[in-house]
Amino acid sequence: MLQNYQKFVDSELDFIKKHTIPYTLIVRNANSDIIGYLEAITTRDEKDNAVIKDLKVWREKNQQAFPSQFKVTLKGTRSWFKAQLIGKNDRILFFVKDLDGNRVGHVGLYRFDYKKHTCEIDNVIRGSKSSPGIMTMALTTLINWTKNELKTDNIFLTVFSDNPKAIKLYRRCGFIDHKLIPLEKKVSGKVINWEENYKIDPKKAERSYLKMILS
Ligand SMILES: CC(C)(COP(=O)(O)OP(=O)(O)OC[C@H]1O[C@@H](n2cnc3c(N)ncnc32)[C@H](O)[C@@H]1OP(=O)(O)O)[C@@H](O)C(=O)NCCC(=O)NCCS
């Protein structure tokens, strides 16, 4: 049992995000062939306009998969990068890269429960169409690394129940359904937020989250 799990996790993620040497994990397919790799997004990437642009375009294209929908801009993405990604102790995002080093998508971790030794899968997006199956193997690689390196006891995730592509991916990676959470749509100007509201009958909710847990 680790004495100070929070210190252990935060120092590891901080080291990876701020170190100058890229942190990579090899991604293999079911035959153990290398098909790509995960590369941690770090402070260096903030100055890379192509990185910020990919993050912006991919977020913009996949608005319906996220709890808030708003006008995505390069400026907003850059400040999200600084404050919400690098600036959050318990958050890390990896680019999924193919063998030529092209960015194919990203997968990440967030919201560690330091008492229970758990965390959540965060920000799973395929950005380009190439390499079918690479997202499954990338997420499997991230799960194995999280269990082995960050010593988590379990991993959760939340997905909209009307997102069958993502649910299929998560089931392929070993997640099972845990519970449905009814959502309420809140609109403020041009911003839409989907908020959990347990008072709504799940059968009547306009949208719901499906919470999944690693089996
Ligand atoms: C969710 C998302 C990342 C899944 O991406 P994906 O391309 O389906 O994932 P994979 O790369 O693992 O490809 C799987 C597909 O390739 C096929 N495939 C081919 N060879 C494969 C292999 N060796 N291993 C696994 N799948 C393989 C699968 O059958 C599957 O196709 P299907 O869904 O038609 O059955 C993608 O749909 C996405 O970015 N969606 C928008 C954002 C989003 O919803 N994110 C989740 C937020 S919670």
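These numbers come from a predicted model, not from an experiment.

Cut-offs applied
Residues numbered from 1 in each chain as written. Predicted model: local features only at pLDDT ≥ 70, side-chain atom pairs only at ≥ 80, totals over all residues. Heavy atoms only, no water. Buried < 20%, exposed > 50% of the residue type's maximum accessible area, 1.4 Å probe, protein only. Helix = DSSP H or I, 4+ residues; strand = E, 2+ residues; numbered from the N terminus. Arc of directions from axis to C-beta. Contact = heavy atoms within 4.5 Å. Expected span 1.5 Å × (residues − 1). Polar contact = N/O pair within 3.5 Å; in protein donor to acceptor, adjacent residues only side chain to side chain. Near = heavy atom within 4 Å. Areas by Shrake-Rupley, 256 points an atom, 1.4 Å probe, with all protein chains shown as cover. 1 Å grid on protein atoms, 1.4 Å probe; cavity = no way out; pocket = protein on both sides within 12 Å on 5 of 7 lines; lining within 4 Å. Sits in = over half its atoms within 2 Å of the grid points. Patch = residues over 30% accessible without salt bridge, like charges linked within 9 Å, V, L, I, M, F, W, Y side chains within 5 Å. Salt bridge = Lys/Arg side-chain N within 4 Å of Asp/Glu carboxyl O. Lys, Arg positive; Asp, Glu negative; His and termini not counted. Charge placed at Lys NZ, Arg CZ, Asp CG, Glu CD.

Asks: Hey, could you run me through helix α5 (residues 164-172) in this one?
Replies: Note that an α-helix has 3.6 residues per turn; residues three or four places apart therefore point the same way. Of the residues making up α5, those classed as buried are Ala166, Ile167, Leu169 and Tyr170. Down the axis, α5 shows its buried residues gathered within 160° of arc, on one side only. Exposed positions of α5 whose direction lies more than 90 degrees from the buried face are Pro164, Lys165, Lys168 and Arg172. Residues of α5 that are buried sit in contact with β6 (118-126), α4 (134-149), β7 (154-160), β8 (175-188) and β10 (207-214). With its phi angle positive at about 105°, glycine 174 sits one or two positions after the end of α5.

Asks: In this structure, what is going on with helix α2 (residues 49-61)? I would like to understand it.
Replies: In this model α2 runs 18 Å from its N-terminal to its C-terminal C-alpha over 13 residues, within 8% of the 18 Å that 1.5 Å per residue would give. Buried within α2 we find Val51, Ile52, Leu55, Lys56, Trp58 and Arg59. Buried residues in α2 make contact with β3 (68-69), α3 (74-86), β4 (92-98), β5 (103-113) and β6. The N-cap of α2, judged by a side-chain oxygen 3.0 Å from the amide nitrogen of alanine 50 a few residues on, is aspartate 48.

Asks: Would you explain the site of the ligand in this entry?
Replies: With respect to spatial proximity, 19 residues lie near the ligand, and among them Val124, Arg126, Thr136, Asn163 and Lys168 are the closest. In the model, an oxygen atom of the ligand is placed 2.7 Å from a nitrogen or oxygen of the asparagine 163 side chain. Between an oxygen atom of the ligand and a side-chain N or O atom of lysine 168, the distance comes to 2.8 Å. For the ligand, the protein covers 70% of the area, taking 930 Å² as the surface of the free molecule. In this structure the site holding the ligand corresponds to the largest pocket. Those elements that place two or more of their residues in the shell around the ligand are β6, α4, β7 and α5.

Asks: What is the right way to look at a positive patch on the surface in this model?
Replies: Positive charge collects at one region of the surface, where Lys61, Lys129, Lys165, Lys168 and Arg172 lie side by side. The greatest single-element share of the positive patch, amounting to 3 residues, is contributed by α5. Tracing the backbone through its elements, the reader meets lysine 61 in helix α2.

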